[in-house]
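Close look at the chain arrangement
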Amino acid sequence: MPLTSLIIDGFKSFADKTIIDFTKGITGIVGPNGSGKSNITEAIRWVMGEGSAKSLRGRNMKDIIFAGSATRKPLNRAQVTMIFDNKNRELDFPADQVVVSRRILASGDNDYQINNQSVRLRDVRALFMDSGISQNSLAIISQGRVDQILNSQAKERRGIFEEAAGVLHFKQQKQQAQGQLAATNDNLIRINDLVKELE
Ligand code: ATP
């Protein structure tokens, strides 16, 4: 499921619509300090559903909208789009190309789209859940993250391995099934009580 393009428009230092095409192999992004390299990985995490403004180095999610410069007025919206080649159907979505997009307005209103259809955050998260590239996965290692992983508690580290191994999805399904089982057991107890009363 190669990421073929990333389109950043109005996000942080990217006042102009910027298209980054990824070809086969490794892509390196270089630039002086403060030129916006980290903003690119943050844009990727944001479109994949990042909900914490703090982890994007802001106080409020609206802080990710281009705030203006000496020569440019601030913008009132930001949009980031990721385009995946999905011919091998590694993303569980019935299309050869998957286009995931997130937009935020100055009011703070936020929306997501998958292939031009409005979707919920949970749909975006579900799309990436088994792919190993979800917003908190080890596919994206920001500055300081290596230290954080090495210093993490055993439980947190186990979660990281479980996500990398694709176990997390099954764990959630198991929890859901256990909830349904418990509800069904309650219903059975109630039915048995009713049967006893009628006998
Ligand atoms: P380094 O190599 O030092 O880690 P970098 O290339 O990763 O730097 P970033 O941290 O991605 O750079 O970019 C920081 C720049 O983004 C700063 O110049 C900052 O002013 C700018 N920036 C951050 N948020 C906004 C915003 N909302 N509007 C305009 N510019 C912003």
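Named according to an unreviewed UniProt entry, the protein chain is Chromosome partition protein Smc.

**Thoughts on the overall build of the protein chain**
A tally of helices and strands in the protein chain yields five helices and six strands. Written out in order from the N terminus, the α and β elements of the protein chain read β-β-α-β-β-β-β-α-α-α-α. The C-alpha radius of gyration of the protein chain comes to 22 Å, more than 25% above the 16 Å expected for a compact globule of 199 residues. Overall size of the protein chain, expressed as C-alpha extent along the three principal axes, is 85 × 40 × 35 Å. Taking all 199 residues of the protein chain together, the buried fraction comes to 17%.

**Some details on the sheet that holds strand β5 (residues 110-114)**
Read across the open sheet, the six strands follow the order β2-β1-β3-β4-β5-β6; overall the sheet is antiparallel. A strand with exactly one partner marks an edge of an open sheet, and here the two such strands are β2 (18-21) and β6 (117-119). Each strand of the sheet is rotated relative to its neighbour by a mean of 20 degrees, with strand direction disregarded. Bridge analysis of β5 against β6 gives three bridges, and the strand direction is antiparallel. Directly across from Y112, in β6, lies its bridge partner V119. Across the face of the sheet, helix α1 (residues 37-47) comes into contact with β1 (3-9), β3 (77-85) and β4 (97-105) while running at roughly 80 degrees to β3. Where helix α2 (residues 121-129) meets the sheet, its contacts fall on β4, β5 and β6, and the angle it forms with β5 comes to roughly 45 degrees.

**Quick look at the pairing of β1**
Pairing analysis gives six bridges linking β1 to β3, with the strands arranged antiparallel. Counterpart to L6 in the pairing with β3 is M82. As paired strands, β1 and β2 are joined by four bridges and run antiparallel to one another. Residue pairing in the sheet places I7 in a bridge with I19 of β2.

**Digging into the UniProt feature "binding site: ATP" (unreviewed entry) in the protein chain**
Annotation from UniProt places "binding site: ATP" (unreviewed entry) at P32, N33, G34, S35, G36, K37, S38 and N39. Here S35 shows up in the loop between β2 and α1. S35 sits in the exposed class, given 11 other C-beta atoms within 10 Å. The residue S38 is located in helix α1 in this model.

**Brief notes about unusual backbone geometry**
Even without being a glycine, K12 presents a positive backbone phi close to 45 degrees. The exposure class of K12 is buried, given the 23 C-beta atoms found within 10 Å.

**So, the nonpolar core**
By size, the foremost hydrophobic cluster in this structure holds 24 residues, and its most contacted members are F11, V47, I64 and V80. Among the secondary structure elements, those contributing two or more residues to this core are β1, α1, β3, β4 and α2. Looking at this core element by element, the count peaks at four residues for β3.

Rules of the game
Residues numbered from 1 in each chain as written. Predicted model: local features only at pLDDT ≥ 70, side-chain atom pairs only at ≥ 80, totals over all residues. Helix = DSSP H or I, 4+ residues; strand = E, 2+ residues; numbered from the N terminus. Rg over C-alpha atoms; globule rule 2.2 N^0.38 Å. Buried ≥ 20, exposed ≤ 12 C-beta atoms within 10 Å, placed from the backbone. Pairing = 2+ DSSP bridges. Axes fitted to C-alpha atoms, helices over the stretch in contact; angles between N-to-C directions. Contact = placed C-beta atoms within 7 Å. UniProt positions renumbered as here; feature names shortened; annotations may be inferred. Core = buried A, V, L, I, M, F, W, Y, C linked by C-beta atoms within 7 Å.

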